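Structural features, examined
Spelled out from the first residue to the last, the chains are:
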Amino acid sequence: MTDPDGSPASLRFRRVILKLSGESLADSGQRGISGEEVAGIAKQIMQAHASGCQIAVVIGGGNILRGAQFSGMHAMIHEATAHYMGMMATVINSMAMQDALESLGCNTRVMSAIEVDTVAEPFIRRRALRHLEKGRVVILAAGIGRPFVTTDTAAAQRALELGADAVLKATRVDGVFSEDPEKNPHAVLYDSLTYNEVIEKNLRVMDATAIALCREHQVPILVFNFKHDGNIVRAVTGEGLGTWIGTRPH
Ligand code: UDP
């Protein structure tokens, strides 16, 4: 059974941006890249993709380097330089994810917002759309290619540019909580929130620019726990999980 545009009728989303933090590629509490973690996430992305959803993945670089933090620790390094280093970190992570996905037989393209022609295509919007339509998982590296923002903002910006139906923000906890659930076991998990509630309650979901972009253009955000096997496919097929941020009911 398919919708008029050919996508399977059961799918909630036709096209999504999946935002993975760099830390999701590392062992818990560690830095760097864990082969096991990357393989586990690749398997989940592969399953989600097999459900018929077009997936563009935005990967962060925090497991290697975050610009603001790094320049704060090393006064001789200009903050802009540190942000470019952070972008390079996302390229490294994207390359790992590409090979993990390809080893499972999933066609992928890494598209980078900074020039690294030897290892990735440049990000060209129309070409990215073509890859998605052809059933390739597109891995978006280097954020938006400009310093002083994060890959959360890149996820929101690319969602607008590529006409994604939602940003799926993968985290290590079950969604958005009233407080940090790893510090306060009584923190309350929200089922749904409006963009304004996220901003007013100062909830740490994504950075403020990303929330503002999604609010202005009514792009919903689903915050969910990727650590439970199968949750990425549940997120794209619309099985109620996580916290829904937007204007529509959950
Ligand atoms: N970054 C940037 N411009 C972008 C995206 C990322 O300057 O468009 C830099 C920024 O320094 C950021 C780092 O790359 O801290 C790594 O990305 P991020 O912090 O978003 O990674 P995550 O926290 O998701 O692992």
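Look above for the structure.
Summary of the structure given here. Note that the structure is a prediction, hence the values are computed from the model and not measured.

With that settled, consider the pattern of salt bridges. Summed over the entire model, instances satisfying the criterion amount to eleven salt bridges. Ionic pairing is found between Glu 23 and Arg 66, a salt bridge with its closest N-O pair at 3.5 Å. With Glu 23 in the loop between β1 (15–20) and α1 (35–50) and Arg 66 in the loop between β2 (54–59) and α2 (67–73), this pair connects stretches of sequence that are 43 residues apart. Looking at Glu 23, the relative accessible area reads 34%, which means it is partly exposed. Across the salt bridge formed by Arg 234 and Glu 239, the nearest N and O atoms sit 3.8 Å from each other.

Further remarks concern the site of the ligand. In the vicinity of the ligand lie 22 residues, with Gly 22, Gly 62, His 83, Arg 146 and Thr 151 positioned nearest. Separating a nitrogen atom of the ligand from a backbone N or O atom of Val 149 is a distance of 3.2 Å. Relative to its unbound accessible area of 520 Å², the ligand is 95% covered by the protein chains. With three residues, helix α3 (residues 79–103) is the single largest residue contributor to the shell around the ligand. Here the shell around the ligand is composed, by residue class, of seven nonpolar, twelve polar and three charged.

Time to look at the nonpolar core. Counting residues in hydrophobic clusters, the biggest one holds 39 residues, and the most contacted among them are Leu 18, Leu 20, Ile 45, Met 97, Leu 168 and Phe 224. Apart from residues lying up to four places away in sequence, Ile 45 is in contact with Leu 18, Leu 20, Ile 55, Val 57, Met 97, Leu 101, Val 137 and Ile 232. Counting residues in each nonpolar core, the second largest holds 32 residues, with Ala 154, Ala 155, Ala 156 and Val 219 among its members.

It is worth spelling out the environment of Lys 227 at this point. On the secondary structure map, Lys 227 appears in the loop between β8 (221–225) and α8 (231–237). Remark: the alpha-carbon pair of Lys 227 and Ala 120, spanning 107 residues in sequence, is separated by 28 Å. For Lys 227, the contacting residues outside a window of four places in its chain are Glu 37, Thr 171 and Arg 172.

Turning our attention to the environment of Asn 107. Considering the arrangement of structural elements, one finds Asn 107 in the loop between α3 and β3 (108–112). On the basis of relative accessibility, which here comes to 47%, the residue Asn 107 falls in the partly exposed class. In sequence terms Asn 107 and Asn 63 are 44 residues apart; their C-alpha atoms lie 25 Å from each other. If sequence neighbours within four positions are ignored, Asn 107 has contacts with Glu 102, Gly 135, Arg 136 and Val 137.

What follows is about the sheet that holds β2. Taken together, the nine strands give an open sheet; going across it, the order is β4-β3-β5-β2-β1-β6-β8-β9-β7, and neighbouring strands pair in mixed fashion. Sheet topology places β4 (121–122) and β7 (192–193) at the edges, where each strand pairs with a single neighbour.

Moving on to the packing of aromatic side chains. Following the criterion strictly, the structure yields one aromatic pair and no others. Judged by centre distance (6.4 Å) and plane angle (5°), the rings of Phe 13 and Trp 244 are stacked. Of the two residues, Phe 13 sits in the segment before β1 while Trp 244 sits in strand β9 (residues 243–245), which places them 231 residues apart along the sequence. Judged by relative accessible area, which is 1%, Trp 244 ranks as buried. Looking at Arg 158, its charged tip hangs above the ring of Phe 123, at a distance of 3.7 Å from the centre.

Moving on: the packing of helix α5 (residues 151–161) against helix α7 (residues 208–217). In contact at an axis separation of 7 Å, α5 and α7 are set at 20° when each is read in the N-to-C sense. Our classification of the angle between α5 and α7 gives roughly parallel. Crossing handedness for the pair α5 and α7: left-handed. The residues of α7 that touch α5, namely those facing Asp 152, Thr 153, Ala 156, Gln 157 and Leu 160, are Thr 209, Ala 210, Leu 213, Cys 214 and His 217.

For Ala 142, which is not a glycine, the phi torsion comes out positive at approximately 70°. Looking at where Ala 142 falls in the secondary structure, it is placed in the loop between β5 (137–141) and α5. Positive phi, close to 55°, is recorded for Asn 202, a residue that is not glycine. Secondary-structure assignment places Asn 202 in the loop between α6 (195–200) and α7.

What counts and how
- Residues numbered from 1 in each chain as written.
- Predicted model: local features only at pLDDT ≥ 70, side-chain atom pairs only at ≥ 80, totals over all residues.
- Heavy atoms only, no water.
- Salt bridge = Lys/Arg side-chain N within 4 Å of Asp/Glu carboxyl O.
- Helix = DSSP H or I, 4+ residues; strand = E, 2+ residues; numbered from the N terminus.
- Buried < 20%, exposed > 50% of the residue type's maximum accessible area, 1.4 Å probe, protein only.
- Near = heavy atom within 4 Å.
- Polar contact = N/O pair within 3.5 Å; in protein donor to acceptor, adjacent residues only side chain to side chain.
- Areas by Shrake-Rupley, 256 points an atom, 1.4 Å probe, with all protein chains shown as cover.
- Nonpolar A, V, L, I, M, F, W, Y, C, P; charged D, E, K, R; others polar.
- Core = buried A, V, L, I, M, F, W, Y, C linked by side-chain atoms within 4.5 Å.
- Contact = heavy atoms within 4.5 Å.
- Pairing = 2+ DSSP bridges.
- Phe/Tyr/Trp six-rings, centres within 6.5 Å; stacked < 30°, edge-to-face > 60°.
- Lys NZ or Arg CZ within 6 Å of the ring centre and 35° of its normal.
- Axes fitted to C-alpha atoms, helices over the stretch in contact; angles between N-to-C directions.
- Parallel < 35°, antiparallel > 145°, perpendicular 65-115°, else oblique.
- Left-handed = near helix turned anticlockwise from the far one by under 90°.

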